[in-house]
Amino acid sequence: MFLPRRLSLLSLSLSFGCSLGALFTDPSQLPQGKTYDYIVVGSGAGGGVIGSRLSELSGVNVLIIEAGINVDGVLETEIPFLGPNLIGTSFDWNFTTTPQAGLNGRSIAYARGHALGGSTSINFLVYTRGSEDDWDRFASTTGDKGWSWSALQPYIKKMEKLVAPADNHNTQGQINPSIHGTSGPVDVSLPGFGLPTDSRVIAATGDLGSQFPFNEDMNSGNTIGVGWVQYTIGGGQRASSYTSYIKPALGRPNFDVLINTQVTKIIQTGTSSGKPVFRGVQFATSASAPRFSLNATTEVILSAGAVQTPQLLLLSGIGDSGALSKLGIKTIVNNANVGENLQDHVLLSSPFTVNSTQTFDLIFQNPDVANSLVSQWTSSHTGELVLGPANQLGWFRLPSSAIPSDPSAGPTSGHYEFIFTNGFVSFAVPSPPTGNYFSLFTNVVSPASRGTVTLKSSNPFDAPLVDPGLLSSPTDIAIMREAIKAGKTFMADKAWNGWILEPFGDFANAVTDAQIEAYARQFSTTVWHPSGSAAAGQTNGGGVLNPDLTVKGTVGLRVVDASAFPFVPAAHTQAPTYILAERAADLIKAARQRK
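Small disclaimer: the values here were computed from a predicted structure and weren't measured.

Cut-offs applied
- Residues numbered from 1 in each chain as written.
- Predicted model: local features only at pLDDT ≥ 70, side-chain atom pairs only at ≥ 80, totals over all residues.
- Heavy atoms only, no water.
- Helix = DSSP H or I, 4+ residues; strand = E, 2+ residues; numbered from the N terminus.
- Rg over C-alpha atoms; globule rule 2.2 N^0.38 Å.
- Buried < 20%, exposed > 50% of the residue type's maximum accessible area, 1.4 Å probe, protein only.
- Contact = heavy atoms within 4.5 Å.
- Areas by Shrake-Rupley, 256 points an atom, 1.4 Å probe, with all protein chains shown as cover.
- Lys, Arg positive; Asp, Glu negative; His and termini not counted.
- Charge placed at Lys NZ, Arg CZ, Asp CG, Glu CD.
- Axes fitted to C-alpha atoms, helices over the stretch in contact; angles between N-to-C directions.
- Parallel < 35°, antiparallel > 145°, perpendicular 65-115°, else oblique.
- Nonpolar A, V, L, I, M, F, W, Y, C, P; charged D, E, K, R; others polar.
- Phe/Tyr/Trp six-rings, centres within 6.5 Å; stacked < 30°, edge-to-face > 60°.
- Lys NZ or Arg CZ within 6 Å of the ring centre and 35° of its normal.
- Arc of directions from axis to C-beta.
- Pairing = 2+ DSSP bridges.

A look at the overall build of the protein
Helix and strand counts for the protein come out as twelve helices and 25 strands. Relative to the compact-globule value of 25 Å for 595 residues, the protein shows a C-alpha radius of gyration of 23 Å, a close match. The dimensions of the protein, computed from C-alpha atoms along their principal axes, are 70 × 55 × 45 Å. For the protein, buried positions account for 62% of its 595 residues. In the protein, 75% of the contacts between residues at least 6 apart in sequence involve partners at least 24 apart. Here the protein displays about 19,900 Å² of accessible surface, and carbon together with sulfur accounts for 50% of that area. Positive and negative charge centroids in the protein, built from 37 and 43 side chains respectively, lie 8 Å apart.

Shown next as structure tokens:
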């Protein structure tokens, strides 16, 4: 998690109850006799958009079913800095990967949001759209120009609301407002609290501009360079799919949301032109609870994420027939691509000791400081707790001679990312009880490695087997090695004189290429951007989905989440999933009009 240890706070008001009209906490509360045109599984960045946008249609009833719990009144889902505190709690599915050969056989925690709003309620809030080349590759792979960067601009601006940072500082030169939306549902802003490392990061780009240029706005389509981070934060508070899309729509009489309830299977309800129709859903509150079922009159939309969407498809008989038969699951649609092609970003934190006490470490080490900052936030939504993990990010490419192959989408997409964090943060080792640090994260954002999501059993309440294949490709370990070396160059710039002292811990012993690779394999984890496990392809080609995100070989079933990406974007995947879902909502509306 972002916080090295959970903060001891004065009080967190935890509310798991139902506080709004159309928010139900048990299947028995659903209106008797009400039929739904669309049933959406999951309330994250995909499902929240779909549910909200479809319920804009009068006379159309929409139901979202979310396995997770309510976030109303949960302070840690509101204060940006504290959100990752919920990783490893009941707000997290608490998945664990299979042993990763590329990580020296380690299994790692695989966080996924188990909450209203999905992972957007516990994530790191970073708002990066991806590059022009990322989206153009999506369009080329699917044969649908509507997925291209230029074609998606109306949807990008439709979902954004660029707002002032929490401290209302002058943002000139930190962002290009002309390329952003101003009236969408999702608040987007720059960091709302200045850090003493800000000027040093920016100064280093001036000194080392040929290798590490400054980028005024990494959401312009060209991500390359160091720039100020944009976050899904407004007024110092988290903007999630729940707060942005679902909650404002809950007053609509045609929009219902059921939480605390897990969908266990998608049910075939008939055939049409020789294809199975999947418009039924089965669900329950627990493994021992009674099973309920509902049928949608038009479509079921899976937005359960890149781990659980393929799990549900497989449980429903859509997948590789050989694997399904071994678990006693009848194959309805034989498609060996389901659960394949899983991609994720490998993340590594490399710490330095610093000659300053002005770091986040004091917040983690001193409960009185933490409580004071919580009090400041609750009274004014200001202070350090309005921040995400970094005030600057950087995206960079490597020369072809440095890597065995180029897995990136093109020259506007990075091979790796820098995340600059003013304190000790690691997902692999405990934080020191004392001292002050600076952490440089390196992130392989254009991976060549591929993994899988498979079933452990036919029991929907058994977690699936998640194997992201981290650092399984020679290309990825080469990218990580070169990224670490580049990070050392960046941190050795004179801009850091008087601040950075020396590498800390095992990082200090990673000097030669072999040592750096060994260090990376031992301490890398992930930034939790699983994608591609139910990938879209061309209508008559491979993949799991058609270009319009309908499931191949079926009628009435569609997928709208990060599993649909053929390639994981070189971006933090929250914003790309919102963008995907905004267009998908219009595709669904258009399909309805054609009937």
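What to know about the packing of helix α10 (residues 474–491) against helix α11 (residues 513–523)
In contact at an axis separation of 9 Å, α10 and α11 are set at 110° when each is read in the N-to-C sense. The orientation of α10 with respect to α11, classified from their angle, is roughly perpendicular. On α11, the residues touching I477, M480, R481, I484, K485 and K488 of α10 are D513, I516, E517, Y519, A520 and R521. Across the contact of α10 with α11, the residue classes tally to six nonpolar, no polar and six charged.

Brief notes about the packing of aromatic side chains
Scanning the model with the defined rule gives 29 aromatic pairs in all. Consider the rings of W135 and F565, whose centres lie 5.9 Å apart with planes at 70°: the pair is edge-to-face. With W135 in helix α2 (residues 132–142) and F565 in the loop between β25 (557–559) and α12 (574–594), this residue pair connects regions lying 430 residues apart in the sequence. Judged by its relative accessible area of 2%, F565 is buried. Three or more aromatic residues joined by ring pairs form one cluster here, namely F212, F396, Y416, F418, F420 and F490. The residue whose ring lies beneath R137 is F567, and the NZ or CZ to ring-centre distance is 3.8 Å. Across the ring face of W147, the terminal group of R583 is positioned such that the distance to the ring centre comes to 4.5 Å.

So, helix α4 (residues 198–207)
Among the residues of α4, those classed as buried are D198, V201, A204 and T205. Seen along its axis, α4 keeps its buried residues to an arc of 140°; they face one direction. Exposed side chains of α4 directed beyond 90 degrees from the buried face belong to S199 and G206. Structurally, α4 contributes buried residues whose contacts are with β8 (225–228), β18 (392–396), β19 (416–421) and α10.

Re the pairing of strand β11 (residues 255–258)
Of the two faces of β11, the one lined by F255 and V257 and the one lined by D256 and L258 are each fully buried. Sheet analysis places strand β1 (residues 23–24) next to β11, joined by two bridges and oriented parallel. Note that in β11 the partner of L23 across the bridge is V257. As paired elements, strand β3 (residues 62–65) and β11 share four bridges and run parallel to each other. Bridging from a neighbouring strand, V62 pairs with F255 of β11.

Comments concerning unusual backbone geometry
In this model, S273 sits at a positive phi of 55°, which is unusual for a non-glycine residue. In this structure, S273 sits in the loop between β12 (262–272) and β13 (275–284). When its relative accessible area of 80% is taken as the criterion, S273 is described as exposed. Phi is positive for L549, which is not a glycine, with a value near 75°. Here L549 is to be found in the loop between β24 (525–526) and β25. With relative accessibility at 0%, the residue L549 sits in the buried group.

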